[in-house]
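Examination of the molecular architecture
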Amino acid sequence: MRVIVADHPLIAHKLTYLRHKDTDSPTFRRLADELVTLLAYEATREVRVEPFDIVTPVAPTTGIRLSTPKPLVVPILRAGLGMLEGMVRLLPTAEVGFLGMLRNEETLEAVTYANRLPDDLSGRQCYVLDPMLATGGTLAMSIQYLVERGADDITAVTLLAAPEGIAALEGQLASLDVPVTLVTAAVDERLNEDGYIIPGLGDAGDRLYGVV
Ligand code: URA
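Remember, it's a predicted structure, so these values are computed and weren't measured experimentally. (Residues numbered from 1 in each chain as written. Predicted model: local features only at pLDDT ≥ 70, side-chain atom pairs only at ≥ 80, totals over all residues. Heavy atoms only, no water.)

Describing the overall build of the chain
Assigned secondary structure in the chain consists of six helices and 13 strands. Split into buried and exposed, the 212 residues of the chain put 46% on the buried side. Of the contacts made within the chain by residues no fewer than 6 positions apart, 72% connect residues no fewer than 24 positions apart. Taking the average location of the 18 positive side-chain charges in the chain and that of its 29 negative ones, the two points are 6 Å from each other. (Helix = DSSP H or I, 4+ residues; strand = E, 2+ residues; numbered from the N terminus. Buried < 20%, exposed > 50% of the residue type's maximum accessible area, 1.4 Å probe, protein only. Contact = heavy atoms within 4.5 Å. Lys, Arg positive; Asp, Glu negative; His and termini not counted. Charge placed at Lys NZ, Arg CZ, Asp CG, Glu CD.)

Structural data, given as structure tokens:
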């Protein structure tokens, strides 16, 4: 798995305010949206394109456009929804599929509770959105699911990642022959005993949408 830590002062600035415990939900949502737009630039560096013949006001030329099949953006419910607009803003032809996953707070294992995805993902590039790569269970399960349906190139976009989560993901995806890239705004220190990223930003879903 290729890991890209998007190292940029604007990203670090926004991330710092996102982490701050006094940042309220509307500001958190706006910052998450802006951060994802910056991450999307990095995450789509290898999006597939095809030549496109056009005529400018003065001459014909060949440019490029995003090719088909269209890329698929998959936010993992619920916290991944806070990343959707920021991603599709930069990827206008993308379609969107949804995966609902939550983690069992005792075992920390991921459980699927909703799935709205095309059956056949053959030849499609997929962008999985999940703000927090903590234990790696949710992302690993999502990526395996997309590959089983035919996706042939996967990029996971996260706001924060724990070293333990990256290692777990690398282990669990080692046997896949599909390229997987992780793009994240930062790799934090560690996970605590409750599976929270330290220093992290708390529960991303709660901070985006309120406590459930
Ligand atoms: N999920 C979150 O929302 N926050 C964490 O720190 C870990 C997992």
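Examining the pairing of strand S8 (residues 125-129)
For S8, the buried fraction is high: five of the five residues fall into the buried class. Neither face of S8 is left uncovered, since the one carrying Gln125, Tyr127 and Leu129 and the one carrying Cys126 and Val128 both have all their residues buried. Where strand S4 (residues 72-77) lies against S8, four bridges are found, and the strand directions are parallel. Among the inter-strand pairings, Leu72 is bridged to a residue of S8, identified as Cys126. In this sheet, strand S10 (residues 153-161) lies alongside S8 in parallel orientation, the contact comprising five bridges. (Pairing = 2+ DSSP bridges.)

Digging into the site of the ligand
Taken together, nine residues lie near the ligand, and Tyr196, Ile197, Gly202, Asp203 and Ala204 sit nearest. Between the ligand and Ile197 there is a distance of 2.8 Å, counted from an oxygen atom to a backbone nitrogen or oxygen. Ala204 places a polar main-chain atom, nitrogen or oxygen, 2.7 Å from an oxygen atom of the ligand. Within the complex, the protein chains bury 89% of what would otherwise be the 240 Å² of accessible surface of the ligand. Each residue belonging to the shell around the ligand can be placed in one class, and the counts come to five nonpolar, two polar and two charged. (Near = heavy atom within 4 Å. Polar contact = N/O pair within 3.5 Å; in protein donor to acceptor, adjacent residues only side chain to side chain. Areas by Shrake-Rupley, 256 points an atom, 1.4 Å probe, with all protein chains shown as cover. Nonpolar A, V, L, I, M, F, W, Y, C, P; charged D, E, K, R; others polar.)

Observations concerning the nonpolar core
Of all hydrophobic cores here, the largest spans 37 residues; its most connected members are Leu18, Leu39, Val73, Met87 and Leu159. Looking at this core, the elements with two or more residues in it are helix H1 (9-19), helix H2 (25-43), helix H3 (84-90), S8, S10, strand S11 (180-187) and helix H6 (204-209). With eight residues, the top contributor of residues to this core is H2. Excluding residues within four positions of it along the chain, Met87 makes contact with Val36, Ala40, Ala43, Thr44, Val73, Tyr127 and Leu129. In this structure, Ile76, Leu117, Val128 and Leu182 belong to the second largest nonpolar core, which totals 25 residues. (Core = buried A, V, L, I, M, F, W, Y, C linked by side-chain atoms within 4.5 Å.)

A closer look at the pairing of S11
Of all eight residues in S11, seven are buried; the element is thus mostly enclosed. As paired strands, strand S1 (residues 2-5) and S11 are joined by four bridges and run parallel to one another. The residue of S11 that forms the bridge with Ile4 is Val183. As judged from the seven bridges shared by S10 and S11, these two strands associate in the parallel manner. The residue of S11 that forms the bridge with Val157 is Val183. Running through helix H5 (residues 163-172), the crossover from S10 to the neighbouring parallel element S11 is right-handed. (Right-handed = clockwise from strand over helix to strand, strands pointing away.)

A closer look at the pattern of salt bridges
Evaluation of the coordinates by the stated rule reveals 13 salt bridges. One salt bridge in this structure joins Asp152 and Arg48, with 3.2 Å as the shortest N-O distance. Separated by 104 residues along the polypeptide, Asp152 in the loop between helix H4 (137-148) and S10 and Arg48 in the loop between H2 and strand S2 (49-55) bring together distant segments of the chain. A relative accessible area of 33% places Arg48 in the partly exposed class. The salt bridge partner of Glu95 is Lys70, with a shortest N-O separation of 4.0 Å. One end of the pair, Glu95, is in strand S5 (residues 95-96); the other, Lys70, is in the loop between strand S3 (60-66) and S4, and 25 residues separate them in sequence. (Salt bridge = Lys/Arg side-chain N within 4 Å of Asp/Glu carboxyl O.)

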